[in-house]
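# Topology and contacts: notes
Each chain, letter by letter, is given below.
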Amino acid sequence: MSRKNRPYHFYDTTSSVCSLCLYPVEAKILFKNNQVYMDKWCPEHGTERVLVMDDADYYRKCREVYVKAPEMPERFATPMRYGCPYDCGLCPDHMQHSCLSIVEITDMCNLDCPVCFADSGMSREVKLPHLPYRHKSIDTVKAMLDTVVASEGMPDVVQLSGGEPTLHPQLFEILDYIKTLPIRHVMINTNGIRLAKEPEFVAKFAEYAYRRPASHPALNDGKQGIEMYLQFDSLHDDKIRVLRGANLANIHAQALANLEVHNLSTTLVATIARGLNDDELGEIIAYASGFRCVRGVSFQPLSVSGRVDGHTDLTDALPDGRERLTISELRRKIAAQSKIFTLDDIVPVPCNPDTLAMGYALKLENHIAPLTRYVTPDVIMLGGENTIMFEQNPKLQQTLQREAKDQLIKVLSTNHSPESQANCLSELLCCLPKISAPDLAYDNVFRLMIVQFMDAQNLDIRSLKKSCIHFAQPDGKMIPFESFNIFYRDDKQQKLAEIRQTLDTARFARRTVNAENSQVKNSQAKKSHTQKLTVTALTTD
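Figured I'd write up the structure that's included with this text. (Residues numbered from 1 in each chain as written. Predicted model: local features only at pLDDT ≥ 70, side-chain atom pairs only at ≥ 80, totals over all residues. Heavy atoms only, no water.)

## Here's the deal with the pattern of salt bridges
- Here the structure, examined in full by the defined rule, presents 24 salt bridges.
- One salt bridge connects arginine 307 with aspartate 119, and the closest N-O pair in it is separated by 2.9 Å. Here arginine 307, found in the loop between strand 10 (294-301) and helix 10 (312-315), pairs with aspartate 119, found in the loop between strand 5 (100-104) and helix 2 (124-127); they are 188 residues apart in sequence, far enough to count as distant.
- With its nearest N and O atoms 2.5 Å apart, the salt bridge here joins aspartate 233 to arginine 244. Note that aspartate 233 is positioned in the loop between strand 8 (225-231) and helix 7 (237-244) and arginine 244 in helix 7, a separation of 11 residues in sequence.
- A residue is classified by how much of its surface remains accessible, and aspartate 233, at 0% relative accessible area, is buried. (Salt bridge = Lys/Arg side-chain N within 4 Å of Asp/Glu carboxyl O. Helix = DSSP H or I, 4+ residues; strand = E, 2+ residues; numbered from the N terminus. Buried < 20%, exposed > 50% of the residue type's maximum accessible area, 1.4 Å probe, protein only.)

Here's what the structure looks like:
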């Protein structure tokens, strides 16, 4: 008898949340027509299919090849009680420390971006009057920074965010406090308006970056870098208006010009929406490569979080989760549009390969030479035997392979400043016998990142457990980016409290039923034992 086959390949199981009620649900990972879907089923709201990747081979590499042992934080701040994602803080079930720690120092902003995760901006006070709209006090900010240090020991990268952090009246006092902490590198997440309009403001940042040694003794080199994480979605105002609600092309250009004067380390960060600016990836990379101060570009496919959910002109591109931009598609688009990077140059980041991809390149004399293509995954992760890594001596082959693998794990991490990137790249090049290893400065580093922030639709709990981008809280908690925006930000905690109460009730009910069943079984066992004794007594009598 012939049997029907399902129209897909079943790959794995995972768990997620229902995108409507946010309660926990089971999920399956399916391959269909080389695309990867997550199928979810909620008892109340039914089934939901979400595109996770549009390249099954790349997804399998993420799951099966680019894997590393989890790195733990210095401490866990919350117990395991309700299960992921309802225990965040970090709990002992989390599988990754904080590569990048975010400290939100203000709710205030001089824009009203439709894509704002934090729902900050000029309209927040009017539209959301029940929520805070203020600069956070210096004591609160210090408490959040202390949380990062307690969790990480010696944090690699702390990002000051908001709102718009450059508006905080005590920003440089905050930077002064950071100077006393063992924090290696500080990012300022900014829309660039003050950087464009106030050249003296940029000069003051440069003073902190170059002329003020860190006072904390743990920073042996006496340096504590500062980097601008500059919003840069497009070169064209008609596209920027859709994402940011304002014309900012000239602002961004002037901000970069002012940053270039001081060679102040900068990463351009672009939110990418299907059909809007996903044809501009190569243009943005080429533009970035023309600035000495720009150390790289970070592309973030649109995520349905924060204010995005209320803008139908943006969410129309995600009608049911099946047409969302994925890391694998962005990777192909970059390769098709860029004259610098190919597919081989953009690989999964081992600490969380489902949501992060990265490529490194060298900037030498106005020329960018990609590096990652020369370090193939079969050698780096599986121990293959073909590539430029090897010379004829078998012992040297093994040594070079081991050293290169260790070094690539360091390079392919999100917890780098431009300076530490340069150091790791120099060491990696020393492991490649056919590539010379110049003395690299951070001017020579160019990093391409794709960062997929999950939302309630495509939330994969396995990936969330490996999240390495975390929000610091003044009460000592470090909360993963995605779960913070879905459950822990502002009044979203009300829904979290409801779910926790339901889980507690269900757990109590299960315990009650189990206890009753146990009592019945014990009673039956005792009755059976008594009957056996009676029978035994009768037969012996």
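What follows continues from the structure just given.
## Points about the packing of aromatic side chains
- In total, this model carries 16 aromatic pairs according to the counting rule given.
- Centre to centre, the rings of phenylalanine 172 and phenylalanine 201 are 5.8 Å apart; their planes meet at 80°, and the pair counts as edge-to-face. Here phenylalanine 172, found in helix 4 (residues 171-179), pairs with phenylalanine 201, found in helix 6 (residues 199-210); they are 29 residues apart in sequence, far enough to count as distant.
- By relative accessible area, phenylalanine 172 is classed as buried at 13%.
- Residue phenylalanine 201 is classed as buried on the basis of its relative accessible area, which comes to 5%. (Phe/Tyr/Trp six-rings, centres within 6.5 Å; stacked < 30°, edge-to-face > 60°.)

## Observations regarding the nonpolar core
- Ranked by internal contacts, the top residues of the largest apolar core, which has 89 residues, are Val103, Leu145, Leu160, Leu175, Phe205 and Phe299.
- Beyond its immediate stretch of four places on either side in the chain, leucine 145 contacts Val103, Val158, Ile174, Tyr177, Ile178, Leu181 and Ile183.
- Core analysis: the next-biggest nonpolar cluster, separate from the first, contains 42 residues, Cys21, Val25, Cys99 and Leu496 among them. (Core = buried A, V, L, I, M, F, W, Y, C linked by side-chain atoms within 4.5 Å. Contact = heavy atoms within 4.5 Å.)

## Topic: the packing of helix 3 (residues 138-152) against helix 4
- The contact between helix 3 and helix 4 brings their axes to 11 Å, and the two run at 35°. The handedness of the crossing between helix 3 and helix 4 comes out as right-handed. Contacts between helix 3 and helix 4 involve Ile138, Val141, Lys142, Leu145 and Asp146 from the former and Glu173, Ile174, Tyr177 and Ile178 from the latter. (Axes fitted to C-alpha atoms, helices over the stretch in contact; angles between N-to-C directions. Left-handed = near helix turned anticlockwise from the far one by under 90°.)

## Quick look at the sheet that holds strand 4 (residues 46-53)
- Spatially, 4 strands are ordered 1-2-3-4 in an open sheet, and the strand pairing comes out antiparallel. The sheet terminates laterally at strand 1 (9-17) and strand 4, the two strands that pair on one side only. Strand-to-strand, the axes of this sheet are offset by a mean angle of 25°, without reference to chain direction.
- As judged from the 8 bridges shared by strand 1 and strand 2 (residues 24-32), these two strands associate in the antiparallel manner. Of the residues in strand 2, the one forming a bridge with histidine 9 is phenylalanine 31. (Pairing = 2+ DSSP bridges.)

## Some points on the pairing of strand 9 (residues 266-272)
- With 7 of its 7 residues buried, strand 9 lies for the most part within the structure.
- Residues of strand 9 alternate between two faces, with Thr266, Leu268, Ala270 and Ile272 on one and Thr267, Val269 and Thr271 on the opposite face, all of them buried.
- As paired strands, strand 8 and strand 9 are joined by 4 bridges and run parallel to one another. Looking at strand 9, one finds that methionine 228 is bridged to threonine 266.
- Sheet analysis places strand 9 next to strand 10, joined by 7 bridges and oriented parallel. Pairing of threonine 266 across the sheet is with valine 294, part of strand 10.
- Crossover connection from strand 9 via helix 9 (residues 281-289) to parallel strand 10: handedness right-handed. (Right-handed = clockwise from strand over helix to strand, strands pointing away.)

## Brief notes about empty space enclosed by the protein
- Within this structure, the stated rule accounts for 8 cavities of 30 Å³ or more.
- In this structure, the second largest cavity encloses a volume near 130 Å³.
- Around the second largest cavity, the lining is made up of 14 residues, and of these Val52, Asp354, Gln452, Met454 and Asn458 lie nearest the centre.
- Sort the elements by how many residues they give to the lining of the second largest cavity and strand 4 lands first, with 3 residues.
- Split by residue class, the lining of the second largest cavity holds 6 nonpolar, 5 polar and 3 charged. (1 Å grid on protein atoms, 1.4 Å probe; cavity = no way out; pocket = protein on both sides within 12 Å on 5 of 7 lines; lining within 4 Å. Points joined across faces, edges and corners; volume = space filled by probe spheres on them. Nonpolar A, V, L, I, M, F, W, Y, C, P; charged D, E, K, R; others polar.)

## Brief notes about unusual backbone geometry
- Omega for the peptide link from glycine 89 to leucine 90 comes to -5°, which places this bond in the cis form.
- Residue position: leucine 90 is located in the loop between helix 1 (56-64) and strand 5.
- The omega torsion across glycine 162 and glycine 163 is 15°, close enough to zero to call that bond cis.
- Tracing the backbone shows glycine 163 in the loop between strand 6 (157-161) and helix 4.
- Phi is positive for aspartate 119, close to 55°, though the residue is something other than glycine.
- Residue classification places aspartate 119 among the partly exposed residues on the basis of a relative accessible area of 22%.
- One non-glycine residue, aspartate 490, adopts positive backbone phi at about 50°.
- In this structure, aspartate 490 sits in the loop between helix 16 (481-488) and helix 17 (492-540).

## Quick notes on the environment of serine 265
- Take serine 265: it is sitting in the loop between helix 8 (249-261) and strand 9.
- For serine 265, a relative accessible area of 3% puts it in the buried group.

## Some words on the side chain of aspartate 460
- Tracing the chain through its elements places aspartate 460 in the loop between strand 14 (445-451) and helix 15 (461-464).
- A polar atom in the side chain of aspartate 460 sits 2.6 Å from the side chain of threonine 14.
- In terms of polar contacts, aspartate 460 uses its side chain to reach the backbone amide nitrogen of arginine 462, at 3.0 Å.
- Ignoring anything within four residues of it in the chain, the contact list for aspartate 460 reads Thr14, Ser15, Ile29, Met38, Tyr59, Arg63 and Met454. (Polar contact = N/O pair within 3.5 Å; in protein donor to acceptor, adjacent residues only side chain to side chain.)

## Side note on helix 7
- Within helix 7, the full set of buried residues consists of Lys239, Ile240, Leu243 and Arg244. Each buried residue of helix 7 lies within a common arc of 110° when the element is viewed along its axis, so the set occupies one face.
- Phi turns positive one or two residues past the end of helix 7, at glycine 245, with a value near 70°. (Arc of directions from axis to C-beta.)

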